[in-house]
Amino acid sequence: MAPWSVLSRLGTAFCALLFLGLQVFAQGAPVAAPLPSWNDGPAKRAILDFVRETTDPASPKFVPPEERIATFDQDGTLWVEQPMYTQVIFCLEKVPAVVAKRPDLKEVEPFRTVLSGSRAAIAKLSTADLEKIVAATLSGMSVEAFRAEAEAWIATAKHPKFGRLYTDLTYLPMQEVLSHLRANGYKTFIVTGGGQDFVRAYALRVYGIPPEQVVGTAGGTKFGYGKDGRPVLTKEPRLLLNDNFAGKPEGIHLMIGRRPNAAFGNSTGDRQMQEYTRAGTGARLAMLVLHDDATREFAYGPAQGLPDSKVGTFPQPLFDEAKAKGWTVISMKADWKRIFAFEP
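Report on the accompanying structure. Every value quoted in this text rests on a predicted model; they were computed, and no experiment measured them. (Residues numbered from 1 in each chain as written. Predicted model: local features only at pLDDT ≥ 70, side-chain atom pairs only at ≥ 80, totals over all residues. Heavy atoms only, no water.)

Some points on the overall build of the chain
Test applied: By definition, any uninterrupted DSSP run of H or I lasting at least four residues is a helix, any uninterrupted run of E lasting at least two residues is a strand, and each is numbered from the N terminus. Each residue's exposure class comes from its accessible area (1.4 Å probe, protein chains only) as a fraction of the maximum for that residue type: buried when under 20%, exposed when over 50%, partly exposed otherwise. Note on definitions: a residue-residue contact is assigned when non-hydrogen atoms from the two residues lie within 4.5 Å.
Across its full length, the chain carries 14 helices and 7 strands. Each principal axis of the C-alpha atoms in the chain carries an extent, and together these give about 95 × 55 × 40 Å. Looking at the 344 residues of the chain, the share that counts as buried comes to 47%. Here the contacts in the chain between residues at least 6 apart in sequence split such that 63% fall between residues at least 24 apart.

Dropping the structure here:
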């Protein structure tokens, strides 16, 4: 066969492949269905319907892009909160270092109980006791020093049950909701009862949410100058915003300035955020996660006969209110195919 003939055939084949490739490029790769870790059901449909209706310009429920706001509680909604809130564990583990700097606290409660190492005694500490620990461990340093401490701790701290980093214990279905909302023009905010500075230290890396979109319980800071003469903000033991219960809608107004179109929570601390969200005009989505899967995570309520819990309490009256007002209750057991990304 003449060389020119071979080249001609190769050229024809190349052109055919190139044409096929351009067709595939033009058509795009197959798009994966959203929320793959969710089972088909009312909860998944509520999310997909809400996003479709509020982002379709032809829909009567259309929401302009600049108004699309979705808020998420963190503990128990985006990641594990049992057997104790992650930040509380962070504070408890900081107590020895605080006492080393302030020996006068060694024999003072609740620091003495924490230093004893007795889990049973520590579990009995009151809210007032925990507030004293939080005030002592989250203040007295610059905001940069605190952020460095929080980043270093969260990079290595592991959950006692799962033996994995806390940052590995985010809920895959909720990560998918965050991604789906952002892909459709929504700004996603964390609105948490946890410390604002603590969550801001890892929110971008873990959730894709920048620090300016984290609203949390906030303490005061004081402006001053360091030994080198450089300006510095020092964390102080005074409360500016208790971002829990009624504090959540107050914090949303203060920090965001827009009523959410969608709100996600899991406990009594999120009730007012759901009510505030649903009270707005137009399409609104309010969802609560019910922890009813003791095998894959934890089961607690006490709604629907689940075990009671001081952490992330979801009582029956909240469940009944959700059903009466059209909020969607997400069953972790029934609605989620996978809870964590590391599950097979």
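Next comes the rest of the write-up.
Describing the pairing of strand 1 (residues 69-72)
For clarity, the threshold we go by: Between any two strands, at least two bridges found by DSSP are needed for them to pair.
Taking every second residue as pointing to the same face, both faces of strand 1 are buried, with I69 and T71 on one and A70 and F72 on the other. Of the pairings in the sheet, the one linking strand 1 to strand 2 (residues 187-195) comprises 4 bridges and is parallel in character. Bridge assignment links A70 to a residue of strand 2, and that residue is T188. By the bridge criterion, 3 bridges tie strand 1 to strand 5 (residues 262-265) in an arrangement that is parallel. Among the inter-strand pairings, T71 is bridged to a residue of strand 5, identified as A263.

Observations regarding a nonpolar patch on the surface
How we decide: Here, patches come from residues exposed beyond 30% relative accessible area and free of salt bridges, joined within 9 Å for like charges and within 5 Å for nonpolar side chains (Val, Leu, Ile, Met, Phe, Trp, Tyr). Each accessible area is a Shrake-Rupley result for a 1.4 Å probe, and residues are judged covered by the shown protein chains and nothing else. When a carboxyl oxygen of Asp or Glu is within 4 Å of a side-chain nitrogen of Lys or Arg, the pair counts as a salt bridge.
Taken together, the side chains of F223, Y225 and L233 define a hydrophobic patch exposed on the protein surface, amounting to about 350 Å² of accessible area. Counting through the fold element by element, Y225 comes out in strand 3 (residues 214-225).

Quick look at the packing of helix 3 (residues 86-101) against helix 7 (residues 143-154)
Selection rule: Between N-to-C directions, angles cover 0 to 180 degrees, with each direction set by a line fitted to C-alpha atoms, over the stretch in contact for helices. In what follows, roughly perpendicular refers to angles from 65 to 115 degrees, roughly parallel to angles under 35, roughly antiparallel to angles over 145, and oblique to any angle outside these ranges. Residues were grouped as follows: Ala, Val, Leu, Ile, Met, Phe, Trp, Tyr, Cys and Pro as nonpolar; Asp, Glu, Lys and Arg as charged; and all remaining residues, including Gly, as polar.
Packing of helix 3 against helix 7 brings their axes to within 11 Å, and their N-to-C directions diverge by 105°. As the angle between them shows, helix 3 and helix 7 are arranged roughly perpendicular. Every residue of helix 7 that contacts helix 3 at T86, I89, F90, E93 and K94 is listed here: F146, E149, A150, W153 and I154. Class assignment for the residues of the contact of helix 3 with helix 7 results in 6 nonpolar, 1 polar and 3 charged.

With respect to the side chain of S331
The test is simple: Two N or O atoms count as a polar contact when they lie within 3.5 Å, although within protein this holds only if one can serve as hydrogen donor and the other as acceptor, and sequence-adjacent residues are included solely when both atoms are side-chain atoms.
Structurally, the position occupied by S331 is in strand 7 (residues 328-331). In this structure the side chain of S331 is engaged in a polar contact, spanning 2.7 Å, whose partner is the side chain of D292. Leaving out residues up to four positions away in the same chain, S331 has contacts with L290, D292 and W336.

Some points on the sheet that holds strand 6 (residues 285-290)
Sheets are built from strands that pair by backbone hydrogen bonding, the pairs being arranged parallel or antiparallel. Across the sheet, 7 strands lie side by side as 4-3-2-1-5-6-7; this open sheet has mixed pairing. With one partner strand each, in any of the chains shown, strand 4 (231-241) and strand 7 form the two edges of the open sheet. Neighbour to neighbour, the strand axes of the sheet diverge by 30° on average, direction disregarded.

Remarks on the pairing of strand 4
Direction of pairing for strand 3 relative to strand 4: antiparallel, over a ladder of 7 bridges. Its bridge partner being in strand 4, F223 is matched across the sheet by L233. In this antiparallel pair of consecutive strands, strand 3 and strand 4, the connection spans 5 residues, and G229 shows a positive phi of 85°.

Describing the pattern of salt bridges
All chains considered together, the criterion is met by 17 salt bridges. K44 serves as the salt-bridge partner of D40, at 3.3 Å between the closest nitrogen and oxygen. Look at D40 and you get exposed, because its relative accessible area is 70%. One connected set of salt bridges, linked through shared partners, spans R271, E275, E321 and K325.

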